[in-house]
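Given next are the chains, with one letter for each unit.
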Amino acid sequence: GETVPPVVDLVLGASACCLACVFTNPLEVVKTRLQLQGELQAQGTYPRPYRGFMASVAAVARADGLWGLQKGLAAGLLYQGLMNSVRFYCYSLACQAGLTQQPGGTVVAGAVAGALGAFVGSPAYLIKTQLQAQTVAEMAVGHQHNHQTLLGALETIWRQQGLVGLWQGVGGAVPRVMVGSAAQLATFTSAKAWVQEQQWLPADSWLVALAGGMISSIAVVVVMTPFDVASTRLYNQPVDRAGRGQLYGGLTNCMVKIWRQEGPLALYKGLGPAYLRLGPHTILSMLFWDELRKLAGRAQHQGT
């Protein structure tokens, strides 16, 4: 493959993930609503405006209009841009330093790069979650923050809680991405190789990557969803004047409360859209990134 400098990798990686985000954002909206539905209530004791994946898409469209399926898109794009530029840059540096050649190096480098990315992107994810949860009263799940725009939300949070407030919920986000990133890197390449060995598809087809991604995503979504649910809850919970969460004390406290009050399966709320988002998002990101790198390599090649 062509080698491209880390800075180019950063731009390409972020652009690829932003492109993918436009396609997968409606799944994020549905996932957020499903994860907040029945918060800290025993199963069967609360109304369920969102039932299953397709019905939830229809419910969002009815309540918020078709454009409602792209709620929080600006914040989502900002998050993808910030998180992935940091993630790809750090990962690229780790590759250059030869760390990924060590046994288990890929997974460690991926997890650390993911954690740094999640930390930097956290304020954008916070606002994305809060915007996506907002809807008309009869369809509302979780706390409603009533932001108008991405900038308005930034301003409100900054004014009420200061800089620290923008990193509310980061304790759930970092483990979420570390676990997801590690699982993805540990399984994507081997899943792709397995699909190639089966010879169901033409070897050079992008469908090989798609199939590999969908298989790899099973592993990712199984380990990541409980962190994902907790992360959504931590980001969306109301906070007091001092910026302390009014529902959860942190990641562990949140998971324990969900388990006790909603049952263990509640940690897998929104699993369907999470999986549907993850596969295509992974592939679109990897695919766009791969193509962009080839182009950059060619351009570099022609320039020399």
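All residue numbers here refer to positions counted from 1 along the written sequence of the relevant chain. Given that the model is predicted, a residue must reach a pLDDT of at least 70 before its local features are reported, and side-chain atom pairs must reach 80 or more before they are shown or counted; all residues, however, enter totals for whole chains, interfaces and linings. Note: side-chain values were computed over all heavy atoms of the structure, leaving out hydrogens and water.

In the annotation of an unreviewed UniProt entry, the entry for the chain reads Solute carrier family 25 member 34, and the organism field reads Callithrix jacchus. UniProt positions are given in the numbering used here, feature names are shortened, and annotations may be inferred rather than shown by experiment. In its Sequence similarities (unreviewed entry) section, the UniProt record describing the chain reads: "Belongs to the mitochondrial carrier (TC 2.A.29) family."

> Would you mind showing me how to read the overall build of the chain here?
Working definition: helices are DSSP H or I runs of at least four residues, strands are E runs of at least two. Numbering for both runs from the N terminus. When helices and strands are tallied, the chain shows 9 helices and 0 strands. Our radius of gyration looks at C-alpha atoms and nothing else; its globule reference is 2.2 Å times the residue count to the power 0.38. Since a compact globule built from 304 residues should have a radius of gyration of about 19 Å, the 20 Å found for the chain is in line with a globular shape. Along the three orthogonal principal directions, the C-alpha set of the chain runs to about 60 × 45 × 40 Å. As displayed, the chain has an accessible area near 14,300 Å², and 65% of this comes from carbon and sulfur atoms. Working convention for charge: Lys and Arg count positive, Asp and Glu count negative, and His plus the chain ends are omitted. Every charge is mapped to an atom, namely NZ of Lys, CZ of Arg, CG of Asp or CD of Glu. Looking at the chain, you have 21 positive and 14 negative side-chain charges, and the mean spots of the two groups are 8 Å apart. Throughout, the Shrake-Rupley method with a 1.4 Å probe supplies accessible areas, and for residues the shown protein chains are the sole cover considered.

> What exactly am I supposed to notice about the nonpolar core here?
Across soluble globular proteins, nonpolar side chains show a tendency to be buried alongside one another. Joining through side-chain atoms within 4.5 Å is the link that ties buried Ala, Val, Leu, Ile, Met, Phe, Trp, Tyr and Cys residues into a set, and such a set is a nonpolar core. We call a residue buried when its accessible area falls under 20% of the maximum for its residue type, exposed when it is over 50%, and partly exposed in between, using a 1.4 Å probe and counting protein chains only. Within the largest apolar cluster, 19 residues are counted, with the highest numbers of intra-cluster contacts made by Tyr79, Ile127, Ile157, Val174, Val177 and Tyr235. At the level of secondary structure, the elements contributing two or more residues to this core comprise helix H3 (73–96), helix H4 (105–133), helix H5 (150–165) and helix H6 (170–198). For this analysis, residues touch if any pair of their heavy atoms sits within 4.5 Å. Discounting residues that sit within four places of it in the chain, Ile157 has contacts with Leu126, Ile127, Gln130, His147, Gly162, Gly165 and Leu166. Core analysis: the second largest hydrophobic core is formed by 12 residues, Phe227, Val229, Tyr248 and Ala266 among them.

> Please clarify how the UniProt feature "transmembrane region" (unreviewed entry) in the chain should be interpreted in this entry.
UniProt annotation of "transmembrane region" (unreviewed entry) refers to residues 206–227 when read in the numbering used here. Here residues 206–227 runs as 100% helix and 0% strand, with 30 Å between its end C-alpha atoms.

> Would you mind showing me how to read the environment of Trp259 here?
Mapping Trp259 onto the fold places it in helix H8 (residues 251–262). In this structure the C-alpha to C-alpha distance between Trp259 and Ala153, which are 106 residues apart in sequence, comes to 31 Å. Residue contacts for Trp259: discarding those within four places in its chain leaves Pro264 and Leu267.

> How do you make sense of unusual backbone geometry when you look at a structure like this?
For residues that are not glycine, phi is negative in most cases, and the peptide bond is trans in most cases. Notably, Leu40 is not glycine yet its phi reads approximately 55°, a positive angle. Position of Leu40 relative to the elements: it lies in the loop between helix H1 (6–36) and helix H2 (53–64). Of note in the backbone geometry, Gln199 takes a positive phi value of approximately 55° without being a glycine. Position of Gln199 relative to the elements: it lies in the loop between H6 and helix H7 (206–236).

> Would you take a moment to explain the pattern of salt bridges for this structure?
Two side chains of opposite charge can pair, provided their charged atoms sit close to one another. When a carboxyl oxygen of Asp or Glu is within 4 Å of a side-chain nitrogen of Lys or Arg, the pair counts as a salt bridge. Enumeration according to the criterion identifies 10 salt bridges in this entry. Glu28 is the partner of Arg277 in a salt bridge, and the nearest nitrogen-oxygen pair spans 2.8 Å. One end of the pair, Arg277, is in helix H9 (residues 271–303); the other, Glu28, is in helix H1, with 249 residues separating them in the sequence. A relative accessible area of 5% means that Glu28 is categorised as buried. The network of salt bridges with common partners includes Glu28, Lys31, Lys128, Arg176, Asp228 and Arg277.

> Would you mind going over the packing of H1 against H4 with me for this structure?
A packed helix pair is summarised by two numbers, namely the angle formed by the two axes and the spacing between the axes. Axes here refer to lines fitted to C-alpha atoms; in helices the fit is confined to the stretch in contact. Angles between the N-to-C directions go from 0 to 180 degrees. Remark: H1 packs on H4, axes separated minimally by 9 Å, with the N-to-C direction vectors making an angle of 75°. Judged on the interaxial angle alone, H4 and H1 are roughly perpendicular. In this structure, H1 contributes Asn25, Glu28, Val29, Lys31, Thr32, Arg33 and Leu36 to the contact, and H4 contributes Tyr125, Lys128, Thr129, Gln132 and Ala133. Residue polarity follows a fixed list, in which Ala, Val, Leu, Ile, Met, Phe, Trp, Tyr, Cys and Pro are nonpolar, Asp, Glu, Lys and Arg are charged, and the others, Gly among them, are polar. For the contact of H1 with H4, the per-class residue count stands at 4 nonpolar, 4 polar and 4 charged. For classification, angles of less than 35 degrees are called roughly parallel, those exceeding 145 degrees roughly antiparallel, those between 65 and 115 degrees roughly perpendicular, and all remaining angles oblique.

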